[in-house]
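Okay, here's what each chain looks like letter by letter:
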Amino acid sequence: SWILDVAVCNHIGILTGMWTVRYFSGKEYNWAGISSQPTLFAKARRGLMQFTPHSMDIFQWTWFRSPKRFLQCFFPAVIILLFEVNHFFLKFELWVPPINPLNTIRLFILFLIAVPGIREYYEFIDSDSGDIFRRLGPFAWTGVAIAFVETLVIIKFGRGMFDAPWPSHVLAFWGLLAALFVIVMTVWVVSERRTTRQRRSSRRRVA
């Protein structure tokens, strides 16, 4: 059921991920050479640490810093949800059973692209105009391209498979949600611009 999927499984995954990031971000790393380790166990442990990251960086997304920042953070969330929806449509339309290894291979490839892609996108939206991260990285572009190509494949092979009209209450719900989103964003942008103008006028008066 959706309660087990959303409230239990997804919630546990989110909490586990947050605890993992907090643990590694506050952990002290010892990168002394393998030969300087006192015991065989310490040498083996140091050898395994060679394949771990040098340090852990915490991403401060600050969704509500500004309307522009909110949309920048909202975009990867939409792409991730699009991947999730595409997964079910591709299995249904292309007759791919759940036990087929193609599903696992697809998820593994997306994982390899998403890890550096999210970092590239974060650096892109969080960098100043003088930084080197003013262009979106190749992994981020590849992830977005895969999402849209999968969507085009679904549209092509899904013609004639879904003839039933959308339920009216579903359309009403999403239409109301979209209208509310547009209204809130419009009010936020107008308020942000008004605040910016007031700050500029106050600075001119002081000068």
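Residues numbered from 1 in each chain as written. Predicted model: local features only at pLDDT ≥ 70, side-chain atom pairs only at ≥ 80, totals over all residues. Heavy atoms only, no water.

Q: Tell me what's going on with unusual backbone geometry, and back it up with residues and numbers.
A: At Thr62, a position not held by glycine, the phi torsion is positive, near 45°. Secondary-structure assignment places Thr62 in the loop between helix H2 (40-49) and helix H3 (67-93). Although it is not a glycine, Trp95 sits at a positive phi angle of roughly 60°. Along the chain, Trp95 falls in the loop between H3 and helix H4 (101-126). With relative accessibility at 75%, the residue Trp95 sits in the exposed group. (Helix = DSSP H or I, 4+ residues; strand = E, 2+ residues; numbered from the N terminus. Buried < 20%, exposed > 50% of the residue type's maximum accessible area, 1.4 Å probe, protein only.)

Q: Give me the lowdown on the side chain of Asn103, citing residues and values where you can.
A: As for its placement among the helices and strands, Asn103 is situated in helix H4. For Asn103, a relative accessible area of 10% gives the class buried. Side-chain polar atoms of Asn103 contact the backbone oxygen of Pro97, separated by 2.9 Å. A distance of 3.2 Å separates a polar side-chain atom of Asn103 from the backbone oxygen of Pro98. Ignoring sequence-local partners within four residues, the contact set of Asn103 consists of His87, Lys91, Val96, Pro97 and Pro98. (Polar contact = N/O pair within 3.5 Å; in protein donor to acceptor, adjacent residues only side chain to side chain. Contact = heavy atoms within 4.5 Å.)

Q: Got a sec to walk through the layout of surface pockets? Specific residues and values, please.
A: The method is simple in principle: a probe with the dimensions of a water molecule rolls over the atoms, and the space it marks as empty is what remains. Its boundaries defined by the atoms lining it, the largest pocket holds a volume of some 1000 Å³. Lining the largest pocket are 33 residues, with Pro76, Ile80, Ala114, Val115 and Ile118 sitting closest to its centre. Looking at the lining of the largest pocket, the elements that each hand over two or more residues are H3, H4 and helix H5 (138-157). If you tally residues by element for the lining of the largest pocket, the top one is H4, at eleven residues. When its residues are assigned to classes, the lining of the largest pocket shows 25 nonpolar, four polar and four charged. (1 Å grid on protein atoms, 1.4 Å probe; cavity = no way out; pocket = protein on both sides within 12 Å on 5 of 7 lines; lining within 4 Å. Points joined across faces, edges and corners; volume = space filled by probe spheres on them. Nonpolar A, V, L, I, M, F, W, Y, C, P; charged D, E, K, R; others polar.)

Q: Give me H2: which residues, what numbers.
A: The complete set of buried residues in H2 reads Ala42, Arg46, Gly47 and Met49. All buried residues of H2 fall inside an arc of 160° around its axis, so they share one side. Relative to its buried face, H2 has exposed residues pointing more than 90 degrees away, namely Leu40, Phe41 and Leu48. (Arc of directions from axis to C-beta.)

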